[in-house]
Every structure is written in C-alpha cells, then in structure tokens.
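Structural overview for review
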Amino acid sequence: MDITHIIKYIAKKGIWGEDVTYEPITLGASGAKLFTVNDGNDKYVLKVSQESDGCDKERMLSYRKEFDFYKISQKLELPFVPEISYAEENPEYGIILIMRYYRPIGHEEWNVDLQKEAVDICARLNSIPVEKLEIPGLKWNPVQIDKEFTRNSYQAWVEVLEEHEEKFDRNILDIIFENIGKVCPVLNSDPQYICHGDF
C-alpha cells in the first residue's frame, strides 16, 4: 500500500490540502493501517484496510461492519460516536475511514466523572433500537451460557482469589456463579439492542 497515493487521493476529495504531514500509529494489532494526518489546522486519524495488504477475510468482514456502522452513524448524526470526516470503500485502496483525532486522556487526568461519561456513551449507543440502525447482515443470536465453561472459569477465579485471600470477598464470586443462569432470560427478552461485535 502506498500511503502517499491515498493521502493525495483524499486531498483531491477536499478533506485536507495537498500539504500535510502524517505518521503511522503502531499501537494495537488490528491489521488495518492507521495514521495520524495533520494539515496544519486539523488532525485526523486515517484507517485503511485492504485484503491485499495482509488483512484476512475475517478481519475484512469486521472492517466492513465498522464501515457500515460509521456510514449509518453519519446518516443518523449520532452525537456520541467518533466523528467521521470521510468514509469510502474504494476498489483500489480498500476501506478508507477518516476520523477526527481525539487527544488521548492521560492516566493522571482519568477520574470517576470521565468513567461515568464513558459508561453513559456506551449505554446510549447500546440502547439504540436495532431497526433504526439497519446494519447489513445483522441477526439475533440468543445468549447462551456454557455451563462447563462457566464452571472452569469459576474454578480459575477461585484459584486467583485463594492467592489473594485478604484482598477479595470469595462470597461475591460464589453469588455470581450460582446466579449467572438468570442473565440469559433477561438478555434474550424483548426489546433487542445492539452490542459490541455487531458493528
């Protein structure tokens, strides 16, 4: 992938000027190519996903879902979704997403109010009715809990808690394990909402 061609291609679309600086974002392991792009006035995140550039079919499917979701969020003007400046599925360059750059929050700045704001944003997103989103290929799968997997997880957590007896209350873990089956009927009841992985 020649990123300079993509940068120039997007400049022709009027998203930014010809004179920009860019650098790769190397954090994460998504398989897509990520860059910060600075045009002197604004800063963007450019995400490019191509099958020919090492993205397997499963990852490309997830990028298409992300692309579809951002196109829908543009149409619905959702105020709590990262702002998208441009989105295109290009036959030569693959899936192109240009997002507004958000300044990372430093560890020392993190506080309870920000946690509440983050939870509120997730809740607002996940409470959008499914029919309003019209996500292509979305289908409902009832939630099921594998009893053997749950028991193995429980046993693993028991071992962790035994190593730190003075730090954690084992009773809480026992209550969760004994009652986890009650979650399914609640999650499987109407109305249905989107969740992480749907987009």
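It should be noted that the structure appears before, not after, this text.
A brief structural summary. None of the values given here were measured: they were computed from a predicted structure. (Residues numbered from 1 in each chain as written. Predicted model: local features only at pLDDT ≥ 70, side-chain atom pairs only at ≥ 80, totals over all residues. Heavy atoms only, no water.)

**As for the nonpolar core**
The tendency in soluble globular proteins is for nonpolar side chains to be buried as a group. Among the nonpolar cores identified, the biggest contains 22 residues, and V81, L97, L125 and L133 are the most heavily contacted of them. Elements supplying a minimum of two residues to this core: α2 (57–76), β4 (84–90) and β5 (94–100). Element by element, the count of residues in this core is highest for α2, at six residues. Look past the residues within four positions of L97 in its chain and what remains in contact with it is V45, L46, K47, E66, F67, Y70, I84, Y86 and A87. Core analysis: the second largest hydrophobic core is formed by 18 residues, Y9, F35, V37 and L46 among them. (Core = buried A, V, L, I, M, F, W, Y, C linked by side-chain atoms within 4.5 Å. Buried < 20%, exposed > 50% of the residue type's maximum accessible area, 1.4 Å probe, protein only. Helix = DSSP H or I, 4+ residues; strand = E, 2+ residues; numbered from the N terminus. Contact = heavy atoms within 4.5 Å.)

**Some thoughts on helix α1 (residues 3–12)**
Among all positions in α1, only I3, I6, I7, Y9, I10 and A11 are buried. The elements touched by buried residues of α1 are β1 (21–24), β2 (33–38), β3 (43–49), β4 and β5. Positive backbone phi, at 85°, marks G14, one or two positions downstream of α1.

**Describing helix α5 (residues 147–163)**
Helix length check: α5, at 17 residues, gives a terminal C-alpha distance of 25 Å against a target of 24 Å (1.5 Å per residue), a fit within 8%. Restricting attention to buried positions, one finds in α5 the residues T150, Y154, V158 and L161. Projected down its long axis, α5 shows its buried positions confined to an angular sector of 80°, all on one face. Turned more than 90 degrees away from the buried face of α5, the exposed residues are E148, F149, E159 and E163. The secondary structure elements touched by the buried residues of α5 are α6 (170–179). One side-chain oxygen at the N-terminal end of α5 lies 2.9 Å from the backbone nitrogen of E148; it belongs to D146. (Expected span 1.5 Å × (residues − 1). Arc of directions from axis to C-beta. Polar contact = N/O pair within 3.5 Å; in protein donor to acceptor, adjacent residues only side chain to side chain.)

**A word on the pattern of salt bridges**
Throughout the structure, instances matching the rule amount to five salt bridges. With a shortest N-O distance of 2.7 Å, K47 and E66 are connected by a salt bridge. Taken together, the positions of K47 in strand β3 and E66 in helix α2 put the pair 19 residues apart, joining distant regions of the chain. Overall, K47 belongs to the buried group, its relative accessible area being 11%. For E66, a relative accessible area of 18% translates into the label buried. In this structure, R103 and E109 form a salt bridge, with 3.1 Å as the shortest nitrogen-oxygen distance. Residue E109 is classed as partly exposed on the basis of its relative accessible area of 33%. (Salt bridge = Lys/Arg side-chain N within 4 Å of Asp/Glu carboxyl O.)

**Section: the sheet that holds β1**
Pairing is antiparallel in the open sheet, where five strands are placed in the order β1-β2-β3-β5-β4. Single-partner strands in this sheet number two, and they are β1 and β4. Neighbour-to-neighbour, the strand axes of this sheet turn through a mean angle of 20°, independent of strand direction. Both β1 and β2 contribute to a ladder of four bridges, which runs antiparallel. (Pairing = 2+ DSSP bridges. Axes fitted to C-alpha atoms, helices over the stretch in contact; angles between N-to-C directions.)

**What to know about the packing of aromatic side chains**
Enumeration according to the criterion identifies five aromatic pairs in this entry. Relative to F177, the ring of Y154 has its centre 4.1 Å away and its plane inclined at 15°; by these criteria the two rings are stacked. Linking Y154 in helix α5 with F177 in helix α6, this pair joins segments that are 23 residues apart in sequence. Y154 sits in the buried class, given a relative accessible area of 11%. Lying across the ring of Y101, K43 places its NZ or CZ 4.3 Å from the centre. (Phe/Tyr/Trp six-rings, centres within 6.5 Å; stacked < 30°, edge-to-face > 60°. Lys NZ or Arg CZ within 6 Å of the ring centre and 35° of its normal.)

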